[in-house]
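The residues making up each chain are set out below.
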Amino acid sequence: MRPIHRSRIVPVTLCACAVFCLEMAARVDTRLVCRRRREILHQPDTLRGEPPLLTFTVVALGGFRGIIADVLWLRASHLQDAGRYIELAQLADWIAKLQPRCTEIWSYQAWNLAYNISVMMPVRTDKWRWVRNGIRLLRDEGIRYNASDPKLYAELGWLFQHKIGSETDRDHGFYRARWATEMMELLGAFHPSYESLTQDPARLARMKKEYGLDPDIMREIDTRFGRLDWRLPETHAVYWAYRGRLQARPGYSIECDRMIFSALTSLVFHGRLHFEPDRKLYRTSPAPELIPAAVASFEFALRNHEYKYIREAYAIFLRRIVRLLFTLKREPEARQMFEEWRTRFPSPENEAGFEAFVAEGGES
Amino acid sequence: MPCGPASGTVRRLCATAHLTFRSAVRSKVLISLISLLFLTVVALPLMLKGDGTLYGRAIVLLKYTLGGSAGILAVMTVWMSCQAVSRDVAERQIQLVVVKPVHPLELWTGKWLGILAMNAVLLLLTGAAVYAHIRWTLARPEVTAEERARLAREILTARHRIAPRSEGMLEQARQYVEQLRAAGRLPGNVRVEDAVAEAHHRLRVRRNAVAPGEERTWIFDSPGDPGSRSAVFLRFRCTASAFSTAAIKGTWLVGPPGQAPLFEAPLKTALGGRSLVRLPRTAVQPDRPLHVTFRNAGKDRSTTVLFDPAREPELLYGNTGFTGNLLRALLVLLGFQGLLGALGLSTGSLFSGPVATFTAGGLVLVFLLVHTFSPGNILEEGTANGHDHGETPPFVEAIHRVSARTLGRMAAPVMRFRAIEPLSDGLHIPWLTVGRAWLLLGVVYPGILGALSACLLRQRELGNPGLL
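Residues numbered from 1 in each chain as written. Chains lettered and ligands numbered in written order. Predicted model: local features only at pLDDT ≥ 70, side-chain atom pairs only at ≥ 80, totals over all residues.

Colleague: Is there a simple way to explain the confidence of the model for chain B in this structure?
Modeller: The predicted structure's coordinates, where accompanied by low pLDDT, should not be read in detail. Residue and element names in this part refer to chain B. When pLDDT is averaged across chain B, the result is 84; 90% of the residues are at 70 or more. Ranking the elements of chain B by mean pLDDT puts helix H5 (residues 93–98) last, at 73, and helix H10 (residues 322–350) first, at 94. Low pLDDT (under 50) marks residues 377–388, which in the prediction has 14 contacts with non-local residues, meaning those over four places away or in another chain. (pLDDT = per-residue confidence, 0-100. Helix = DSSP H or I, 4+ residues; strand = E, 2+ residues; numbered from the N terminus. Contact = placed C-beta atoms within 7 Å.)

Rendered as structure tokens:
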């Protein structure tokens, strides 16, 4: 028998070890992927949608991604302190892409751009650009890589509802007007004509690519909640929260459900838009026709989540609705809502009856 | 043709450099790194987004493409230079050289020149690619005239900078600390230079805080006649105690003191960001110093305007052209590569290839870390901003402090040369800076390292079989 040369034993043993380790790793990986899928931790199958560079980065850098991400965080932090904001959008994009499955990074970076950086700008157009950068980062990148995470949809909805829709930013009026103008240009009116959209592939593509708007889901929302004005940021908050809810596994859609009822509440009070860009007129008025949808969204949230604050929010909503309907001279409906309020949420405020409550006055 | 010792040295240097260059070109690792460099230069600009504006994209393009390329070249240089001597020793080729009348210093310098030549070629190609990309971007039809003008005005330019005149704050800080010391109020564990630095910093912060109703004036030397086609800009950075730009009411006034201002402009800035104010030609008198005053017209105490004490307002003027500035920036970067090459060659003269690469790479990393987390940021215990580190023994603290300070001092002369930041800021890089950079990075440090390496090479028994 020919003796085995000693120098061959080592490589052969090493190769056998490597094959064994690979086999073991493959078995563990298969089980992990199955478990991830079962627990809906993330979608390992959606890797096909990622750009090659991202896949390369994620696979090739392996654990070193963390170190690079740390260096970029340090640089971003230093640049922000030094007031050199130009590079921050780029760095935010890279930092998030180095850890694309970490949703907190996406939401933090988007929030930082839309809130912290935008307020530093001297000109409103620059502020708006940074708000858009935050929205774009979440909508075009974050959600793309974490399509099953409802939190990111809720974060995006929050940017629409709070950053653009609420009055916390001094320039909210400018943001709202710019958004309404863009939507007018995109949809042709305050509400899209879904029939004509199917015959306009260019517009359809723009809606999907630039704004992430899916006409089928928009139509579903309109059917479910009523005819919403798509120029309003709150409507987009509802849209993104609704999309998040569609992706969430049962019991994990709390952020989206909250977003839906709070955005619908806002739409009930400010859901009709009178917008004339030429005259710089942007006014909203109540849309009481959305009350049933808002009530239904509260009821849905109450059925699915046992959180105290949903009940509190619902009680406050009903109280405000009674005043709104009374102010709008819709007394029978106001009484009906009052009864609902008193029955569901008895309090010193409503125990004296409808007349006493409306006589007391106060804001709606 | 006469052939003296000098021409012989030049011939030997050229021959060694040529051989080093050729061996580098044939190296597979180097080809991989050059491919990476090519990707950085060609593919990276296509993936950059910036902040959504052409201006932002151009800044990011300049910084990251040039910075990334310089980083790859640095890795390449360290690797190549570490291998240059150590491989010759390992492969016994050095024995063929040492028996010839080639001085070790000539060998070292020849190899260094070869590495430098390789870097020069690659840096030139990188610079050309970046320049071509910017020109291509500018020529695209979707770029508006306004964007093009802003780019030309703020980035694709090379403006001179004038800092405000010194107000003797350092001297005042020294006097203050001296008074404290004389009165016995300076704690024994606080070093005088640290106390002076702290007092100086606080004084600068106070002087640069402009409360409502207050004024702050900076005096600049006149930029002379900036020329009919050149504008003068005031660049500043400020923030405010109020968290909104709209709350701040302030005015810039330019003109001699006690007279009606020649120019007035409202404060308009991104809070914390750097802003430019264009000064009209009438406001700049060629023969007189320029008085620039900021007046805070706010009434609410919460709208104090705080100018950055580390970056006081400055005047920018003139335009010496972007192309020349890019070339000068590349030359400074080449100087850095020269230093890295010298470091790699020196460690390669001492150790085997892997050990030399590890040592040189480690040294570079340590210096970079020390520079990034500079000793200035490492607070002393017992000072106003210091804090107790708990369980760390005092001697460990002391070692940390001393080593960080020493390394910081060693790194400081090298790190003060900047190429990419001024280039992307549209600031002129003077030939004087290039010369100083080359003197230090290309002559002094490599000279010292080369002389040490030559001594070591002479001492080392290169024909010893134990080395093989």
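Once you've had a look at it, read on.
Colleague: Sorry, what's going on with the sheet that holds strand E3 (residues 215–220) of chain B here?
Modeller: Strands pair in a sheet through their backbones, by hydrogen bonds, and they do so in one of two ways: parallel or antiparallel. All names here are of chain B. Read across the open sheet, the four strands follow the order E3-E8-E5-E6; overall the sheet is antiparallel. The sheet terminates laterally at E3 and strand E6 (263–266), the two strands that pair on one side only. Adjacent strand axes in the sheet meet at a mean angle of 15°, parallel and antiparallel pairs treated alike. Across four bridges, strand E5 (residues 250–254) lies against E6 in antiparallel orientation. Counterpart to Trp 252 in the pairing with E6 is Ala 265. (Pairing = 2+ DSSP bridges. Axes fitted to C-alpha atoms, helices over the stretch in contact; angles between N-to-C directions.)

Colleague: Looking at this structure, how should I read the interface of chain B and chain A?
Modeller: When the parts of a complex come together, some accessible area is lost, and that lost area is often taken as the interface size. In this complex, chain B contributes 22 residues to the contact, which on the side of chain A involves 15 residues. Per element, the largest residue contribution to the side of chain B that touches chain A is four residues, and it comes from helix H4 (residues 54–90) of chain B.

Colleague: What is the right way to read the domain arrangement of chain B from this model?
Modeller: Partitioning chain B into domains gives domain 1 (5–159 + 321–467) and domain 2 (169–317). Here domain 1 of chain B and domain 2 of chain B have C-alpha centroids that lie 36 Å from each other. (Domains from an automatic or database assignment.)

Colleague: Just to check I follow, could you spell out the pairing of strand E8 (residues 290–296) of chain B for this structure?
Modeller: In regular strands, side chains alternate between the two faces of the sheet. All names here are of chain B. Across the seven residues of E8, five count as buried, placing the element largely inside the fold. Both E3 and E8 contribute to a ladder of six bridges, which runs antiparallel. When the sheet's bridge partners are listed, Glu 215 is paired in E8 with Arg 295. Sheet analysis places E5 next to E8, joined by five bridges and oriented antiparallel. Residue pairing for E8: Thr 251 is matched across the bridge by Arg 295. (Buried ≥ 20, exposed ≤ 12 C-beta atoms within 10 Å, placed from the backbone.)

Colleague: Could you clarify how one ought to interpret the nonpolar core in this entry?
Modeller: When a protein is soluble and globular, its nonpolar side chains tend to lie buried together. Among the nonpolar cores identified, the biggest contains 167 residues, and Val 238, Ala 241, Leu 264 and Ala 294 of chain A are the most heavily contacted of them. Looking at which element gives the most residues to this core, the answer is H4 of chain B, with 20 residues. Summarising the domain contributions, this core has at least three residues from each of domain 1 (5–159 + 321–467) and domain 2 (169–317) of chain B. (Core = buried A, V, L, I, M, F, W, Y, C linked by C-beta atoms within 7 Å.)

Colleague: It is not clear to me how the packing of helix H13 (residues 254–270) of chain A against helix H14 (residues 291–304) of chain A should be interpreted in this structure. Could you clarify?
Modeller: Helix-helix packing is described using two parameters, namely the angle between the two axes and the distance between the axes. All names here are of chain A. Where H13 contacts H14, the axes come no closer than 9 Å and their chain directions differ by 160°. Taken together, H13 and H14 sit at an angle that is classed as roughly antiparallel. The handedness of the crossing between H13 and H14 is left-handed. In this structure, H13 uses Asp 257, Arg 258, Ile 260, Phe 261, Leu 264, Thr 265 and Val 268 to contact H14, whose residues at the interface are Ile 291, Ala 293, Ala 294, Ser 297, Phe 298, Phe 300, Ala 301 and Asn 304. Broken down by class, the residue content of the contact of H13 with H14 amounts to ten nonpolar, three polar and two charged. (Parallel < 35°, antiparallel > 145°, perpendicular 65-115°, else oblique. Left-handed = near helix turned anticlockwise from the far one by under 90°. Nonpolar A, V, L, I, M, F, W, Y, C, P; charged D, E, K, R; others polar.)

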